Structures are given as C-alpha cells and as structure tokens.
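Working through the structure, step by step
Here are the chains, one letter per residue:
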Amino acid sequence: MCGIIGVSGVPDAARLAYLGLYALQHRGQESAGIVAIDADGTARSHRGMGLVSENFDDGSLAGLPGDVAVGHTRYSTTGSTVLANAQPCSVNTRCGPLAIAHNGNLINAGTIKRDLVARGAIFTGSSDTEVLVHLIARSAGQTVEDQIRDALEQVDGAYSLVITVGRTMYAVIDSRGFRPLVIGRLGEGIVVASETCALDLIGASITCELRPGDFVRIEDGQVTHLPRLSPRPVSRCVFELVYFARPDSTVFGKSVDAVRRELGRQLAREKPAPEGEVVFSVPDSSNAMALGFSEESGIKLEYGLIRNHYVGRTFINPTQALRVAKVKIKFNPVREVIQGKSVVVVDDSLVRGNTSKELVQMIRSAGAREVHLRLGSPPITGPCHYGIDTPTREELIGATHSIEEIREFLGVDSLGYLSLDGMLTAAGKEDTGFCHACFSGHYPTTTPDDLVKLRHASPLIATPA
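My aim in this report is to walk through the structure given alongside it, one point at a time. (Residues numbered from 1 in each chain as written. Predicted model: local features only at pLDDT ≥ 70, side-chain atom pairs only at ≥ 80, totals over all residues. Heavy atoms only, no water.)

This paragraph deals with the nonpolar core. Membership of the largest hydrophobic core comes to 45 residues, with the highest contact counts inside it found for F239, L241, L263, F293, V346, I388 and M423. Counting residues per element, the ones that place at least two in this core are α8 (238-244), α9 (256-270), α10 (287-297), β21 (342-347), α16 (420-427), β24 (434-435) and α17 (437-440). Among the elements that make up this core, the one with the highest residue count is α8 (six residues). One finds I100, V155, I163 and Y170 within the second-largest nonpolar core, a separate group that totals 29 residues. (Core = buried A, V, L, I, M, F, W, Y, C linked by side-chain atoms within 4.5 Å. Buried < 20%, exposed > 50% of the residue type's maximum accessible area, 1.4 Å probe, protein only. Helix = DSSP H or I, 4+ residues; strand = E, 2+ residues; numbered from the N terminus.)

Shown next, in the form of structure tokens:
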C-alpha cells in the first residue's frame, strides 16, 4: 500500500505534491519522494527513507522547480525497505525523462523480471515497479501511450499509477480497480491522488474518480481519456474502506466514514455485547465503527483509549518487533472510563494478534472488569497479493486458530467478528465489485508460487533465479 500524487500545470508543483503527501502519509511510512519537471523538461528528484517531514525542507523543495511533479509515500509489499526501492522511479528514455509512482502489487513481476534479466536488463532495486519501467522503455510501441499500454497489458495484479514522460502526465488504474485514484482541478492545473483527502488539503476540487481500466493523459490543464485497458471483473479492495483509507476521504465513490459507521451498526446487530457498559474504539481507523456500534446498541460511547498521534500506524510497520513495541507508546487507557466496568472494544480487524493481545492486557491493567472485543471485519485467513503486507498464511491468527482459541490467546471475555456478508453489505456490495480474498480465500487472479519470495528479495537482483 502506498500513497501517490501527481501535479500538472501548477507553479511550484513540488511544494503542492509535498503537502499532498502529508495527507497520504498513512498509506506509507518507509520512504517518501518527489520528482519535479521544469519548463525545459528537465527532471529533478529527491527521495529518502522515513516520513515526509523527515525528508523535505525548504532547501530540498527549492531544488525541485517546475510546474509538474510526482510524489510517493512507500509501504513495501514487494522489495526490501531500502533507498534503492524508494519512489518515484525516474530514468531517461528515448522519449524523454520518465517518472513513475505506483500503488499496488504486480503478481507476475518475478516471471517478467527473470525474462528481462535473461535478455540483458539490469535492475537497481527489488521493487516490482522497476519491472514496469523496463517494459515501457523496451516497448516497440509507436507512441508513448502505446508503450505504456503495451507494458500494462503484460502485467497482472494491482496498480494505480501516475507517470510522467517529459512534461506530459498519465494516470492509469488496472482493469480490476483494486486501488483508488482520483482527479481534481486546482486553478488551471490538474492534481491526481490516491485519496480525496489529499485534494482537500491543497484546495483542489474533485473532478472524478478513475474507474477500473481508465487511462488518461494530462497536459496543459486538460484531461484526455484514452482507450481503456482490456476489461476484467471489478475487484475493489474492501480493506481500503475497512482500514486503510482516511475516514475523511471518498473512496470507490463512498464516504469512508459512512461505510465504517455502517460496519459498526452491522457489527452491533450481528455480535451484540449486552454485558457492555461502555464502548470505545481502538483509534483511529475504528472510531466511526465504535460510533455506529454505540448508535445501534445503545451502549454509551466513551474515549477509553487515547492515541499518541506522533506515532505511526502499528500495522504497517515492517517488523513484528516494531509493531509490538509501538503499542504502549501509541495508546494509553483512560482509567476513569475503564476502571471497574465491562467494556466493549471495537477494532477494524485482527491480523497477527500480537498487538491486540498487548492492548487487551493494557486495558485489563487499567481496571476493566470485563473486555469484549468486536471486530468490524471477518477473520483474515489468507495473504493479500495486491498491496497489503500479509505475505504468508502462517502469520495470520485467523487462518491458524479457531475463534475460541483466538479469544483465549487475546485474553478477552468474548470475541465477535463481523460476517463476510455483513461487511460487504455495509460497504455497498450492490453497486461495487469487491476483492475480499484475504477474508474469503477467493482470489480474483492466479498467484505465482514465487510471489512471496519476490516480496522479500534482496535489494539488488541482476541474475536469473
């Protein structure tokens, strides 16, 4: 999962991209980068490991002149956490400087990479995005659009892309539509971003959300829709609505906040907790779910956990040690709310279980008489191959333990998951085709055997496997 932004036709575009990346920081905390293109078509880049605020200042932004820019915040799902894999990728091609920012995961990148290496290609990193760069550069297409299309027709999986070739920008989303991408207007310029919250921050008005398979060219303040990619069954990632997207965003045409409130209401209908005296969320992604649960159940909503907002999201940290260590730094219980009470704790999901166990112990230590955990999604039983870091089934507590075993492991008095149908109903299954493979095991694509190996490859791969 990553955050991407593109700015075209706006003076000092890199500074706007920088602001937009702040709004998309929740989508990736491992690295951040911006490529800017000036009036002469010269591309300049700045990338670094860590947060947006740690990588950019007035000096670095002053070194990125131009009215076209592409930005990226990275959360690795393919390739190591090293600077070589930081994006946007940028190279010089026969058509001019090319920069590309990618959100998603290409499931056949390993096979394509081996073929490219056998034909003499040299890779500088282990990110699957670099495969796209090579395919575009090697395409025999007559135009830039043909070359991009040719490359995209060879890959499979999830991709939402912002690409610049010279001063022309392109935005494209795979035909299944796994990841969101929206277009907005700012004065005479155009802005493309992963979520609408980025457009809100920089003052751009929302024009449209790209549909699955959309391919557009952005130049001179104009958006031109090119022929769409080959159609495939729509498979929007439902976890975007459950967890990843910011609640103030509109994703897949739906208010994330409204969907999460309905998830909470549905959860209260399916898995009530009549013993509960207060209900509170594990902030922040489940705040709206707890509100919906309270509305439906009549149990009083409280702030039982306070989040330290100077700490990032625990789930998207790359190692389990970091995830567990950050729990106590990130949350602190409000004893006056919890002590002596039977509490209902609402969270969006349960992935590995270790951080939730630490959290339950913290709530117990604050004096809770009973702890009833309610989850706004079904058990996660399979890895995601389309951009979320759950690479092996063995890591997922929902895949290897029964609900009663999970309850005992977490140390809660009761445990309730939302059903798959309840989640999809709350998300609006009647008008959106969703990917729910991590919950149901029904994958919309075939998955190569070496996919997990590729996702943990060393930073430099220059020889065939």
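Moving on, we come to the sheet that holds strand β23 (residues 414-417). Strand order in the open sheet made by the five strands is β18-β17-β21-β22-β23, with parallel pairing throughout. Looking along the sheet, the strands with just one partner apiece sit at the ends: β18 (300-301) and β23. Sheet topology note: the strand β17 (residues 278-281)/β21 ladder contains four bridges and is parallel. Its bridge partner lying in β21, V279 is registered against V344. Strand contacts of α10: β17, β18, β21 and β22 (370-375), with the helix running at about 160° to β17, the strand carrying the most contacts. The sheet strands contacting helix α15 (residues 403-410) are β22 and β23, and the helix crosses β23 at an angle near 130°. (Pairing = 2+ DSSP bridges. Contact = heavy atoms within 4.5 Å. Axes fitted to C-alpha atoms, helices over the stretch in contact; angles between N-to-C directions.)

Here α16 has its buried residues at G422, M423, L424, A426 and A427. Those residues of α16 hidden inside the fold are in contact with α8, β16 (254-255), α9, β24 and α17.

On to the packing of helix α4 (residues 109-118) against helix α5 (residues 129-138). Between α4 and α5, the least distance of the axes is 10 Å, while the angle of their chain directions is 50°. One element, α4, and the other, α5, form an angle in the oblique class. Two packed elements cross with a definite hand, and for α4 against α5 that hand is left-handed. Across the interface between the two elements, A109, I112, K113 and L116 from α4 touch V131, H134, L135 and R138 from α5. For the contact of α4 with α5, the per-class residue count stands at five nonpolar, one polar and two charged. (Parallel < 35°, antiparallel > 145°, perpendicular 65-115°, else oblique. Left-handed = near helix turned anticlockwise from the far one by under 90°. Nonpolar A, V, L, I, M, F, W, Y, C, P; charged D, E, K, R; others polar.)

Time to look at the sheet that holds strand β13 (residues 222-225). Read across the sheet, six strands follow the order β5-β6-β7-β8-β12-β13 without closing on themselves; strand pairing throughout is antiparallel. Across the chains shown, the open sheet's two edge strands, defined by having one partner strand only, are β5 (89-93) and β13. Across this sheet, the average inter-strand angle for adjacent strands is 20°, counted without regard to direction. Where β5 meets strand β6 (residues 96-106), five bridges bridge the pair, whose relative direction is antiparallel. The partner of T93 across the bridge, within β6, is G96.

All right, on to the pairing of strand β9 (residues 182-186) then. Within β9, four of the five residues are buried, which leaves the element mostly enclosed by the surrounding structure. Of the pairings in the sheet, the one linking β9 to strand β11 (residues 205-209) comprises four bridges and is antiparallel in character. Bridging from a neighbouring strand, R185 pairs with S205 of β11. Here five bridges tie β9 to strand β10 (residues 189-193), and the two strands are oriented antiparallel to one another. In the strand pairing of β10, V182 is matched with A193.

Viewed as axis vectors pointing N to C, α9 and α10 meet at an angle of 45°, and their least axial separation amounts to 6 Å. In terms of their interaxial angle, α9 and α10 are classed as oblique. Crossing geometry of α9 relative to α10 is assigned as right-handed. The segment α9 lies against α10, with D257, R260, R261, L263, G264, R265, L267, A268 and R269 engaging A288, M289, L291, G292, F293, E295, E296 and S297. Among the residues forming the contact of α9 with α10, the class breakdown is seven nonpolar, three polar and seven charged.

Our next topic: the pattern of salt bridges. Pairing between side chains becomes possible if they bear opposite charge and their charged atoms approach one another. Scanning the model with the defined rule gives 28 salt bridges in all. Of the charged contacts in the structure, one is a salt bridge between D12 and R15, with a shortest N-O distance of 3.1 Å. By relative accessible area, which is 27% here, R15 ends up partly exposed. With a closest N to O distance of 2.9 Å, R364 and D413 form a salt bridge. Of the two residues, R364 sits in helix α13 (residues 354-365) while D413 sits in the loop between α15 and β23, which places them 49 residues apart along the sequence. (Salt bridge = Lys/Arg side-chain N within 4 Å of Asp/Glu carboxyl O.)

A separate point is the packing of aromatic side chains. For the structure on display, the rule yields eight aromatic pairs. Geometrically, the ring pair formed by F239 and Y243 is stacked, given 5.6 Å between the ring centres and 25° between the ring planes. Note that F239 and Y243 are positioned in helix α8 at a spacing of four residues, about one turn of the helix. The two residues F239 and Y243 agree in class, both being buried. Lying across the ring of F123, K113 places its NZ or CZ 4.8 Å from the centre. (Phe/Tyr/Trp six-rings, centres within 6.5 Å; stacked < 30°, edge-to-face > 60°. Lys NZ or Arg CZ within 6 Å of the ring centre and 35° of its normal.)

Relative to the elements of secondary structure, S286 occurs in the loop between β17 and α10. A distance of 2.6 Å separates the side chain of S286 from the backbone oxygen of V282, its partner in a polar contact. Not counting residues up to four positions away in its chain, the partners in contact with S286 are S281, V346, D347 and D348. (Polar contact = N/O pair within 3.5 Å; in protein donor to acceptor, adjacent residues only side chain to side chain.)

Time to look at the state of the cysteines. Taken as a whole and judged by the stated rule, the model has zero disulfides. Sulfur of C384: no disulfide; nearest cysteine sulfur belongs to C237 and is 5.9 Å away. The exposure class assigned to C384 is buried, which follows from its relative accessible area of 8%. (Disulfide = S-S within 2.5 Å.)

Here we take up the environment of T143. Residue placement: T143 occurs in the loop between α5 and α6 (144-152). A sequence separation of 48 residues divides T143 from C95, and the C-alpha atoms of the two residues are 8.9 Å apart. Within the structure, the side chain of T143 is placed 3.0 Å from the backbone nitrogen of D146, a separation counted as a polar contact.

Nothing here speaks to function; it is all geometry.
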